[in-house]
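Structural overview
Residues per chain are reported as follows:
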Amino acid sequence: MWEYSEKVKQHFFDPKNAGAVVDANAVGDVGSLSCGDALRLTLKVNPESERIDEAGFQTFGCGSAIASSSALTELIKGLTLDEALKIDNQDIADFLDGLPPEKMHCSVMGQEALEAAVANYRGEEIVDDHEEGALICKCFAVDDIKVRETVRKHQLSSVEDVTNYTKAGGACSSCHEAIEHILEEELSALGQAFKPAPIAKRKAAANVVQIQDMQVETGESYAPKKKAKLSNLQRMKLVEKTLEGIRPTLQRDHGDVELIEIDGKHINVSLKGACTSCQLADDTLSGLQKALIDALGELVELHVLSEKQQHNLGGL
Amino acid sequence: MNDIYMDNNATTMVAPEVLECMLPFFCEQYGNASSMHSFGNKVGMALREARQQLQTLLGAEHDSEVIFTSCGTESDSTAILSALRAQPDRKEIITTEVEHPAILNLCNNLELQGYTVHYLKVDKQGCLDLKAYKSLLSERVALVSVMWANNETGNVYPVETMAAMAEAANVMFHTDAVQAAGKLPINLANSSIHMLSLSGHKLHAPKGIGVLYLKRGTRFRPLLRGGHQERGRRAGTENTASIVALGKAAELALAHMAYENSVVSKLRDKLEQGILQAVPNCFVTGNTLKRLPNTTSIAFEFIEGEALLLLLNKQGIAASSGSACTSGSLEPSHVMKAMGIPLTAAHGTLRFSLSRYNTEEEVDRVIAAVPGIVQRLRSLSPYWSEGVQSGDAEFAPIYA
Ligand code: FES
């Protein structure tokens, strides 16, 4: 059985706003019996303010479909239609303290039902291109149709490409075999053969400088498989360059990272701006640490120094 | 109040007698059965006894026809791959649409490797068409693999007849008897079945132990090569405690078979009737005349299985669903699809599978619990409206 969060269980066992709203002036129907889940969202929208006064749902679906529908109605009650449209499936999942990867499609259904209901209220026609393919990547809820379309559109030829374009395959890797089959079929339709990569490449974070880049700089060869021992200077440069590669991403979110010192396998940094208070700092750090390990080809530990620690260091 | 376990086709409780007899093999009798010293010898003797207990359960002619494996899946894979390797000029397999994934996924994969797999269709009751089967038998076929009983519906297939037909056409026959072993009488000595798979944890032995029966004289290629264990047919140090446990479980299964087929099957019938009478718009899937004594699969229209399971679980009742939603796909199970169960009902199937440990009081409690749960979910469902019941599709989703 799924590991549902307490919040999901709450909303499943005791759903809010279950049933159709009487005198609803907006209805959004998505899904179908053949898809295996369906949701009807009914809203009572105040015509003056365009505020959602009441929201109700009816769901044919699993536990998380019921919980997602309940969460959706709670999230949108009281919002204007424009505000409500800003809610996406991730908000629904977050509201529920997360959904298992295989169940993310339930939150997508919520978002779609909302869009359908708003379109219905506004008398707009919504073109629905929703097709239900077999789920290929459970971690990122990517289906067969999406993978095929992306492969064709961008003429992809490797699992890695597919991951880069669709995210499918970017986590647990258990869908790689299925992705390879799609590639095989799509390529053979073009008269080409699919050549799988002989070994799995280590996944490096985006923007991270690869060892190969160092070859150019130092004129030395560092084959990634047989990592030659780096001199201290080379090692430091590589750490710096790896951090440099990641900084723009952090800066975009109004944060930053600065290298303080390298002490053997301990790499000390300080976080700046938004990163210091960000709840995701742990994720940022483990991402950084992984990028450094990938780049250096050795196990290193990343530490964040507090202001006081930095001060003490300076005093040495 | 105790929780009620009615998911015995998924796995079973280890019988207390079985647990008791396996424990010494973890501490006192830890010898390697292949060793020459007395530590090993004693264990070797216990293995021989277990092999004979399995021989008796299966009605096999020789105890050497019993090969211990790690599970039903390993036995299935060994059987199919062995048949293909032993007969390299035969490139076809016959199986059914309703097999367990242990067979289906392997066959799908073999298709990618260039083999042709014929999947026999089933009718609305889940029954096979033997004429269609006969027409497929030829010297191109390396193996027929048909389950003895279906895990979802409990349907029992005429494997002995089918094996005889295969033999007449000079084709090897394997059966996945994971659900049947221990519940139905089996007599392999008098059958044309060449290979049979069973799994310990479905008959009150622990998980991680299985058997492949291999009729003497059948051409064979081992899956695991290495040491000379199991006469070189399955290398790897024997899982002695579990083997001994399975032997005991086989003995107990035989002793309780009459009880399973009388008392347990009556309990199952009571449960089924109780639910059918109390809940509108539901029906039993599969062939009720030829099925396992412990299984019933009931389809409830307009609701989805996982939600049913979660609410049952809240009331301390463990069952299982024929909706594959639990696997992340939104499709109803391949068995329900193969039988053509309408989508309005295929998503909402519940399977109750009993064991000799279930009681009448438990059955009564389940009968009391189910109607309320079904009603509650139907009240949430957009399809459960007068409109749909009277055939007027009031609910019109945009991408139906
Ligand atoms: S299923 Fe985990 S990465 Fe695709």
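Residues numbered from 1 in each chain as written. Chains lettered and ligands numbered in written order. Predicted model: local features only at pLDDT ≥ 70, side-chain atom pairs only at ≥ 80, totals over all residues. Heavy atoms only, no water.

**Concerning the overall build of chain B**
Under the convention used in this document: Secondary structure elements are taken from DSSP: a helix is a run of H or I of four residues or more, a strand is a run of E of two residues or more, and numbering for both begins at the N terminus. Exposure categories follow from relative accessible area, calculated using a 1.4 Å probe and restricted to protein chains: below 20% of the type maximum is buried, above 50% is exposed, and the middle band is partly exposed. Only heavy atoms enter the contact rule, under which two residues are in contact if any of them lie within 4.5 Å. Only four residue types enter the charge count, namely Lys and Arg as positive and Asp and Glu as negative; His and the chain termini do not. Charged groups are reduced to one reference atom each: NZ for lysine, CZ for arginine, CG for aspartic acid, CD for glutamic acid.
Within chain B one finds twelve helices and 13 strands. Dimensions of chain B along its principal axes, counting C-alpha atoms only, are 75 × 50 × 35 Å. Burial statistics for chain B: of 400 residues in total, 60% are counted as buried. Partitioning the contacts of chain B with sequence separation of at least 6, the portion at a separation of at least 24 is 73%. Treating the 35 positive side-chain charges of chain B as one cloud and the 40 negative ones as another, the clouds have centres 6 Å apart.

**Focus on unusual backbone geometry**
Despite not being glycine, Asn17 of chain A shows a phi value in the positive range, around 60 degrees. With respect to the element layout, Asn17 of chain A can be found in the loop between helix H1 (6-13) and strand S1 (26-32). Positive phi, normally seen in glycine, also occurs at His204 of chain B, with a value near 70 degrees. When its relative accessible area of 4% is taken as the criterion, His204 of chain B is described as buried.

**Remarks on the sheet that holds strand S8 (residues 301-304) of chain A**
All names here are of chain A. Inclusion rule: For two strands to pair, DSSP has to find at least two bridges joining them. Axes, fitted as lines to C-alpha atoms, cover a helix only where it is in contact. Angles between the N-to-C directions of the axes lie from 0 to 180 degrees.
Spatially, S6-S7-S8 is the arrangement adopted by the three strands of the open sheet, whose pairing is mixed. Every interior strand has two partners, whereas the edge strands, strand S6 (255-263) and S8, have only one. Averaged over neighbouring strand pairs, the angle between their axes works out to 30 degrees when direction is ignored. Here eight bridges tie S6 to strand S7 (residues 266-273), and the two strands are oriented antiparallel to one another. Bridge assignment links Asp256 to a residue of S7, and that residue is Lys272. Across the sheet, helix H10 (residues 232-252) is in contact with S6 and S7; its angle to S6 comes to roughly 165 degrees.

**Observations regarding the environment of Pro222 of chain B**
All names here are of chain B. Inspection of the secondary structure assignment puts Pro222 in the loop between strand S8 (210-214) and helix H7 (240-278). With 131 residues separating them in the primary sequence, Pro222 and Ser353 have C-alpha atoms 34 Å apart. Not counting the four nearest positions on each side in its chain, Pro222 is found in contact with Arg85, Gly232 and Arg233.

**Describing a nonpolar patch on the surface**
Convention followed: What makes a patch is a set of residues exposed beyond 30% relative accessible area and free of salt bridges, joined within 9 Å when like-charged and within 5 Å when nonpolar (Val, Leu, Ile, Met, Phe, Trp, Tyr). Each accessible area is a Shrake-Rupley result for a 1.4 Å probe, and residues are judged covered by the shown protein chains and nothing else. Should a side-chain nitrogen of Lys or Arg be within 4 Å of a carboxyl oxygen of Asp or Glu, the pair is scored as a salt bridge.
Taken together, Leu19, Leu23 and Phe26 of chain B make up a surface patch of nonpolar side chains, about 300 Å² in accessible area. Using a relative accessible area of 40% as the deciding quantity, one classes Leu19 of chain B as partly exposed.

**Observations regarding the pairing of strand S4 (residues 116-120) of chain B**
Looking down a regular strand, the side chains alternate between one sheet face and the other. Residue and element names in this part refer to chain B. Filter applied, for reference: Place the viewer so that the strands point away; then a crossover is right-handed whenever the path from the first strand over the helix to the second strand goes clockwise.
Relative to S4, strand S3 (residues 92-96) runs parallel, the two sharing five bridges. Within S4, the position partnered with Glu92 by the bridge is Thr116. Taken together, S3, helix H4 (residues 101-112) and S4 form a β-α-β motif whose crossover is right-handed.

**What about the environment of Val142 of chain A?**
Residues and elements named next belong to chain A. Turning to its location among the elements, Val142 is positioned in strand S5 (residues 142-143). We classify Val142 as buried; its relative accessible area is 6%. In this structure the C-alpha to C-alpha distance between Val142 and Cys106, which are 36 residues apart in sequence, comes to 13 Å. Ignoring anything within four residues of it in the chain, the contact list for Val142 reads Leu135, Ile136, Cys137, Val147, Thr166 and Ala168.

**Let's talk about the confidence of the model for chain B**
All names here are of chain B. Quick note on the threshold: Scored from 0 to 100, pLDDT records how confident the predictor is in each individual residue.
Summarising the model, chain B shows a mean pLDDT of 92, and 94% of its residues fall at 70 or more. Contacts from residues 390-400, a stretch scored under 50 in pLDDT, to residues over four places away or in other chains number 29 contacts. Predicted complex metrics record ipTM = 0.80 and pTM = 0.76.

**Let's talk about H10 of chain A**
All names here are of chain A. Our working definition: An expected span of 1.5 Å times one less than the residue number is assigned to each helix. Here the bend at each residue means the angle between axes fitted to two seven-residue stretches, the one ending at that residue and the one beginning there.
For H10, with 21 residues, the first-to-last C-alpha span of 31 Å sits near the 30 Å given by 1.5 Å per residue. Taking the largest bend as the criterion, H10 deviates by roughly 35 degrees, centred on Ile246, and proline Pro248 comes between one and four positions later. If you check which residues of H10 are buried, you get Gln234, Arg235, Leu238, Val239, Thr242, Leu243, Gly245, Ile246 and Leu250. His254, located one to two residues past H10, shows a positive phi value of around 65 degrees.

**What about the side chain of Asn89 of chain A?**
When you line up the elements, Asn89 of chain A lands in helix H4 (residues 89-95). In contact with Asn89 of chain A, other than residues within four places in its own chain, are Met104, Ser107, Val108 and Gln111 of chain A.

**Examining the sheet that holds strand S3 (residues 52-60) of chain A**
Residues and elements named next belong to chain A. An order of S1-S2-S3 is seen for the three strands of this open sheet, with the pairing classed as antiparallel. Of all strands in the sheet, those bounded by a partner on one side alone are S1 and S3. The sheet shows a mean angle of 10 degrees between the axes of neighbouring strands, taken without regard to direction. Direction of pairing for S1 relative to strand S2 (residues 37-45): antiparallel, over a ladder of seven bridges. The residue of S2 that forms the bridge with Ala26 is Leu43. On the sheet, helix H2 (residues 63-76) packs against S2 and S3 and is oriented at approximately 175 degrees with respect to S3.

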